[in-house]
Amino acid sequence: EVPPPPDDARSPDAEVPVFYAACEAFVFPSTSEGFGIPVIEAMAMGRPVAAANATALPEVVGDAGALFDPAEPEAMADAVASTLAGAPRRAALIELGRARAARFTWAEAAKATCAVYGELA
């Protein structure tokens, strides 16, 4: 089921939830991602994730998705296939992804930032 876009269709991000809702899996082969917010968004929307094992993505995905070497097309294909491999595996990834995404809150980010500033001061 694809939700309608928000009333504020002028926003550049207004249609993003529609795209997440329409996909069977979210594949993110980025090798230069700063943190991985798109991966968190996809997991929060209940989409299984296959992501590059580069930058911060392994830390963000954890055990809630499939990681692959972005320089290896076969590895990416295997990771994508694993996210689509049957209802039990898919359901498990969706549940793990939602739980993982729930851990990334602005409150937690603020606490972690304050802790780093405290260590530096």
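Analysis parameters
- Residues numbered from 1 in each chain as written.
- Predicted model: local features only at pLDDT ≥ 70, side-chain atom pairs only at ≥ 80, totals over all residues.
- Heavy atoms only, no water.
- Helix = DSSP H or I, 4+ residues; strand = E, 2+ residues; numbered from the N terminus.
- Buried < 20%, exposed > 50% of the residue type's maximum accessible area, 1.4 Å probe, protein only.
- Contact = heavy atoms within 4.5 Å.
- Phe/Tyr/Trp six-rings, centres within 6.5 Å; stacked < 30°, edge-to-face > 60°.
- Salt bridge = Lys/Arg side-chain N within 4 Å of Asp/Glu carboxyl O.
- Patch = residues over 30% accessible without salt bridge, like charges linked within 9 Å, V, L, I, M, F, W, Y side chains within 5 Å.
- Areas by Shrake-Rupley, 256 points an atom, 1.4 Å probe, with all protein chains shown as cover.
- Lys, Arg positive; Asp, Glu negative; His and termini not counted.
- Charge placed at Lys NZ, Arg CZ, Asp CG, Glu CD.
- Core = buried A, V, L, I, M, F, W, Y, C linked by side-chain atoms within 4.5 Å.
- Pairing = 2+ DSSP bridges.
- Axes fitted to C-alpha atoms, helices over the stretch in contact; angles between N-to-C directions.

Visitor: Just give me the short version of the overall build of the protein, but keep the residues and values in it.
Guide: From N to C terminus, the protein includes six helices and three strands. Secondary structure elements in the protein, listed N-terminal to C-terminal, are α-β-α-β-α-β-α-α-α. Once the C-alpha set of the protein is aligned to its principal axes, its extents read approximately 50 × 40 × 25 Å. Each of the 121 residues in the protein was classed as buried or not, and the buried ones make up 32%. A fraction of 43% describes how many contacts in the protein between residues 6 or more apart in sequence connect residues 24 or more apart.

Visitor: Explain the packing of aromatic side chains to me, and be specific about the residues and the numbers.
Guide: Scanning all chains against the criterion turns up three aromatic pairs. Geometrically, the ring pair formed by F26 and F28 is stacked, given 5.6 Å between the ring centres and 20 degrees between the ring planes. According to the relative accessible area criterion, F26 is buried, its value standing at 15%. Judged by relative accessible area, F28 falls into the buried class, the value being 13%. Summarising the aromatic geometry, the rings of F35 and F104 are spaced 5.8 Å apart at their centres and angled 70 degrees between planes, so their arrangement reads as edge-to-face. With F35 in the loop between β1 (26–28) and α2 (37–44) and F104 in the loop between α5 (86–102) and α6 (106–120), this residue pair connects regions lying 69 residues apart in the sequence.

Visitor: Any details on the pattern of salt bridges? Residues and values, ideally.
Guide: Taken as a whole and assessed by the stated rule, the structure comprises two salt bridges. As a salt-bridge pair, E24 and R90 come within 3.6 Å of each other at their nearest N and O atoms. Of the two residues, E24 is situated in the loop between α1 (16–22) and β1 and R90 in helix α5; the sequence distance between them amounts to 66 residues. E24 sits in the exposed class, given a relative accessible area of 52%.

Visitor: Hey, could you go over a negative patch on the surface for me, with residue numbers and the actual values?
Guide: A contiguous patch of negative charge on the surface is contributed by D69, E72, E74 and D78. The residue E72 is located in the loop between β3 (65–68) and α4 (73–83) in this model.

Visitor: Help me get a handle on the environment of A56, residues and values and all.
Guide: Residue position: A56 is located in the loop between β2 (49–52) and α3 (57–61). Relative accessible area serves as the criterion here: at 16%, A56 is assigned to the buried category. Sequence separation of A56 and G36 is 20 residues, and the distance between their C-alpha atoms is 6.8 Å. Excluding its chain neighbours within four sequence positions, the residues that come into contact with A56 are G34 and F35.

Visitor: Requested: an account of the nonpolar core, with residues and values cited.
Guide: Core analysis: the largest hydrophobic core is formed by 20 residues, its most contacted members being F26, F28, V39, M43, V49, A51 and L57. The set of elements that each furnish at least two residues to this core consists of β1, α2, β2, α3 and β3. Not counting residues within four places of it along the chain, the set of residues in contact with V49 comprises F26, V39, A42, M43, V61, G65, A66 and T83.

Visitor: So what's going on with the sheet that holds β1? Residues and values would help.
Guide: Reading across from one edge, β1-β2-β3 is the order of the three strands in this open sheet, with parallel pairing throughout. For this open sheet the edge positions go to β1 and β3, each flanked by a neighbour on one side alone. When strand polarity is set aside, the average angle formed by the axes of neighbouring strands in this sheet is 15 degrees. In the packing of α4 onto the sheet, the strands contacted are β1, β2 and β3, and the crossing angle to β3 comes to about 175 degrees.

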